[in-house]
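Breakdown of the fold
If you want the building blocks of each chain, they are given just below.
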Amino acid sequence: MCEFDHLSQRERELALLAAITQRETFMIEISHVDKWYGPGFQALKDCTTSVAKGEVVVVCGPSGSGKSTLIKCVNALEPFQSGEIILDGIKVNDPKTDLPKLRARVGMVFQHFELFPHLKIIENLCLAQEKVLGRSHDEAVAKSAKLLDRVGLKDHARKYPAELSGGQQQRVAIARALAMDPIAMLFDEPTSALDPEMISEVLDVMVDLAREGMTMMVVTHEMGFASKVAHRVIFMDQGEIVEDALKTDLGF
């Protein structure tokens, strides 16, 4: 449960705004990050922001504005040339940082699901638990079954990804990320590849996560989601953060 859950929406926003002024409450700190693709194209320009523990931040902007690049830099899926990112007190771009270990603590949900097509759904959830976290097979199966029930897919555990709809596969991807007991969740346009009728079932799961206090950074065009659960909204354009404010200050 988030420490701010007993407060009203506006009180929660103000409490979180106060919290992010205190360094010990930061989950993600992004400071003066620059990234180039080759010598001729700068994808990120002096990006600075932060995400407090329990905060939900939505990142918006036109295609090519750097949204996905920024979120992938958070767990070093994309390298960056200058600045720093600190995740739960660990400097992401420090050569001494054990990146596989760090990434295991941060859930990542991509646009295109990235499920293993040759594995059944339950096997997709168990694999990393066993190989990375060292859980026994029985423990991993029990955890996976619980999470599939949570996202409404308990009866699909023995199916293959191709037997599920796009929305169902994305819910499996969210359950797979949660199976690693993440300290934060990163979402990179999780609904953009889905048919309109499938979007709500994925957003419903994300809304539940947000209300339970999960720290979330979400790249999305779904303003309804931002209006419902985001605490802050970041707007990007041409690689720069041009607005970073409470959603209520932006008229949501």
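Figured I'd write up the structure that's included with this text. Bear in mind the structure is a predicted one, so any value in this text is a computation, not a measurement. (Residues numbered from 1 in each chain as written. Predicted model: local features only at pLDDT ≥ 70, side-chain atom pairs only at ≥ 80, totals over all residues. Heavy atoms only, no water.)

Here the focus is the overall build of the chain. Within the chain, the regular secondary structure consists of eight helices and 10 strands. The 252 residues of the chain split such that 52% are buried. (Helix = DSSP H or I, 4+ residues; strand = E, 2+ residues; numbered from the N terminus. Buried < 20%, exposed > 50% of the residue type's maximum accessible area, 1.4 Å probe, protein only.)

Another aspect to go through is the sheet that holds strand β3 (residues 56–60). Strand order in the open sheet formed by six strands is β6-β7-β8-β3-β9-β10, with mixed pairing between adjacent strands. The sheet is open, and its two borders are formed by β6 (106–109) and β10 (240–246), each paired with just one other strand. The average undirected angle you get between the axes of adjacent strands in this sheet is 15°. Direction of pairing for β3 relative to strand β8 (residues 216–219): parallel, over a ladder of four bridges. The residue bridging Val-57 from the neighbouring strand is Met-217, located in β8. Taken strand by strand, helix α2 (residues 67–74) contacts β3, β6, β7 (184–188), β8, β9 (232–237) and β10, and its axis lies near 150° from that of β8. The strands touched by helix α6 (residues 166–178) are β6 and β7; relative to β6, the strand with the most contacts, the crossing angle is about 170°. (Pairing = 2+ DSSP bridges. Axes fitted to C-alpha atoms, helices over the stretch in contact; angles between N-to-C directions. Contact = heavy atoms within 4.5 Å.)

In this section: the packing of helix α5 (residues 137–150) against α6. Closest axis-to-axis distance for the α5/α6 pair is 9 Å, and the angle between their directions is 135°. By the angle between their directions, the pair α5 and α6 is classed as oblique. Of the two elements, α5 crosses α6, and the hand of that crossing is right-handed. Judged by residue contacts, Lys-143, Leu-147, Leu-148 and Arg-150 of α5 engage Val-172, Ala-175 and Leu-178 from α6. Within the contact of α5 with α6, the residues separate by chemical class into five nonpolar, no polar and two charged. (Parallel < 35°, antiparallel > 145°, perpendicular 65-115°, else oblique. Left-handed = near helix turned anticlockwise from the far one by under 90°. Nonpolar A, V, L, I, M, F, W, Y, C, P; charged D, E, K, R; others polar.)

Right, let's get into the packing of aromatic side chains. By the definition in use, this model includes one aromatic pair. A cation over an aromatic ring shows up here: Lys-35 above the ring of Tyr-37, its NZ or CZ 4.4 Å from the ring centre. (Phe/Tyr/Trp six-rings, centres within 6.5 Å; stacked < 30°, edge-to-face > 60°. Lys NZ or Arg CZ within 6 Å of the ring centre and 35° of its normal.)

What follows concerns the pairing of β10. Examined bridge by bridge, β9 and β10 share six bridges and lie antiparallel to one another. When the sheet's bridge partners are listed, Val-233 is paired in β10 with Ala-245. What sits between β9 and β10 in their antiparallel hairpin is a turn of two residues, with Gln-238 showing a positive phi close to 55°.

Let us look at the state of the cysteines. With the rule as written, the count across this model stands at zero disulfides. Between Cys-47, a free cysteine, and Cys-73, which holds the nearest cysteine sulfur, the sulfur-to-sulfur gap is 8.5 Å. Cys-73 gets classed as buried once you look at its relative accessible area, which sits at 0%. (Disulfide = S-S within 2.5 Å.)

We now examine the nonpolar core. When a protein is soluble and globular, its nonpolar side chains tend to lie buried together. Judged by nonpolar contacts, the single largest core of 44 residues is most densely connected at Leu-148, Ile-174, Met-185, Phe-187, Met-206, Met-216 and Phe-225. Put simply, the parts of the chain that give this core at least two residues each are β3, α4 (121–131), α5, α6, β7, α7 (196–211), β8 and α8 (223–229). The element that contributes the greatest number of residues to this core is α7, accounting for nine residues. What Phe-187 contacts, discounting residues up to four positions off in sequence, is Ile-71, Val-109, Ile-174, Met-206, Leu-209, Met-216, Met-217, Val-218 and Val-219. (Core = buried A, V, L, I, M, F, W, Y, C linked by side-chain atoms within 4.5 Å.)

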